[in-house]
Every structure is written in structure tokens, then in C-alpha cells.
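Understanding the architecture of this molecule
Chain by chain, the residues:
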Amino acid sequence: MKATGVVRRIDDLGRIVIPKEIRKTLRIKEGDPLEIFTDREGEVILKKYSPIGELSEFATGYAETLSKTTGHIACITDKDAVIAVSGGSKKEFLEQNLSEELEQLMEDKEVYTSKENNEVALPVTKNDNKERKYNSQVIYPIVSNGDVIGSVILLSKEKDTKMGEAELKVVQSAATFLGTQMEI
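Scope of this entry: the structure provided in the associated data block. (Residues numbered from 1 in each chain as written. Predicted model: local features only at pLDDT ≥ 70, side-chain atom pairs only at ≥ 80, totals over all residues. Heavy atoms only, no water.)

1. Describing unusual backbone geometry
Phi is positive for Glu 95, which is not a glycine, with a value near 60 degrees. Relative to the elements of secondary structure, Glu 95 occurs in the loop between α3 (90-93) and α4 (100-107). Owing to a relative accessible area of 66%, Glu 95 belongs among the exposed residues under this scheme. A positive phi angle, near 55 degrees, is found at Lys 109, a position not held by glycine. Checked against the element boundaries, Lys 109 lands in the loop between α4 and β5 (112-114). When its relative accessible area of 43% is taken as the criterion, Lys 109 is described as partly exposed. (Helix = DSSP H or I, 4+ residues; strand = E, 2+ residues; numbered from the N terminus. Buried < 20%, exposed > 50% of the residue type's maximum accessible area, 1.4 Å probe, protein only.)

So, in C-alpha cells, the structure goes:
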């Protein structure tokens, strides 16, 4: 654990303010859920809660099924990082922070499909550095109780691949299913 040197007092309602610099560094926004842990030494640990992260094992199996069914790279994300990948490099995607463009797309609850190879590919992770790595993509937000909690993504590096209505329906079904699993 890393000390920040910041000391805050608990107010009369039991609240504590997390400094803006720490919230910015950890990408914690207003309304984000935090999970609270304690240990035997009396430490209280706050961790950004990822509802879809709770299903990471299930999401991994689902990504594998999507990849085998479509023949494309399948990724499942929460709001901050890729939590499951199949058909592609785990090192390239797994647990990598999402690009600002993808975060914005999810926040706007938009569906993205690049149908033509001449379209610019949306970067998935921050490591993409705006490089064009994918010739075709379909991105669908996972919505649970009206809130976006992640996304399902199909990617192809194949030169002549175009994502069509079938891929969009597969990704939509996956996102809808995962969203309903979080509501149960």
C-alpha cells in the first residue's frame, strides 16, 4: 500500500472526502460505487467496485463463446478496463485501461459499428495510441438498471472483414444478457 500523505477527518455524518487528485488518478467519478474492506490491523480500504467484474469468470467463458462463434476477437469490459478477452492477445487487452473514446462511447450509450475498412478504428485501450489496429469493430454497451456498466466488443484484424447485421445482433444479445445477469 502506498501512503499519500493526505489526512482527512470524518464529518458528523460519517463521510470522508477523497481528494480530487486521488479521484482523478484512480478515475473515480461522482456516483461511482466503492467497495469497502477492512483488515485486522484496523485499515479501511476503498476499492472501485465493478459490478461486471464480479462476473469475470463468467465473462471470460462468454468471450470465448463469442470468439469461437464469430471467428473474431471478443472483449468484455467494465467501465474502466478489459475484464475478458478471447481470440486475441491477452497481454494486449486484459486488464488494460480503456481509451477515452471508448469510455465516452459507453457514457453516451452509443453502439459503434465500423462496416467499411476505410473507417478509422476506435481505440479500445489507452495503449492503442490511435494506431489503426482493427479493420472492423462492433461495440455495444452493457446496460443494467439504466446504467452503463461495460461493453461487449468484437474486433477483426483481417483486411477484408466487415462487421454486419449478424455481428451486431450477436454483440447486442451478449450485452443484453450480461446486463440482465447484473439485475438478478
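Read on, since the account is not over.
2. A closer look at the layout of surface pockets
Space inside the largest pocket adds up to approximately 880 Å³. Every residue lining the largest pocket is counted, 24 residues in all, and those nearest its centre are Ile 18, Ile 22, Val 44, Ile 45 and Leu 46. With 5 residues, the single largest contributor to the lining of the largest pocket is strand β2 (residues 44-48). Looking at the lining of the largest pocket residue by residue, the class counts come to 16 nonpolar, 2 polar and 6 charged. The volume enclosed by the second largest pocket comes to roughly 500 Å³. Elements supplying a minimum of two residues to the lining of the second largest pocket: β2 and β4 (82-86). (1 Å grid on protein atoms, 1.4 Å probe; cavity = no way out; pocket = protein on both sides within 12 Å on 5 of 7 lines; lining within 4 Å. Points joined across faces, edges and corners; volume = space filled by probe spheres on them. Nonpolar A, V, L, I, M, F, W, Y, C, P; charged D, E, K, R; others polar.)

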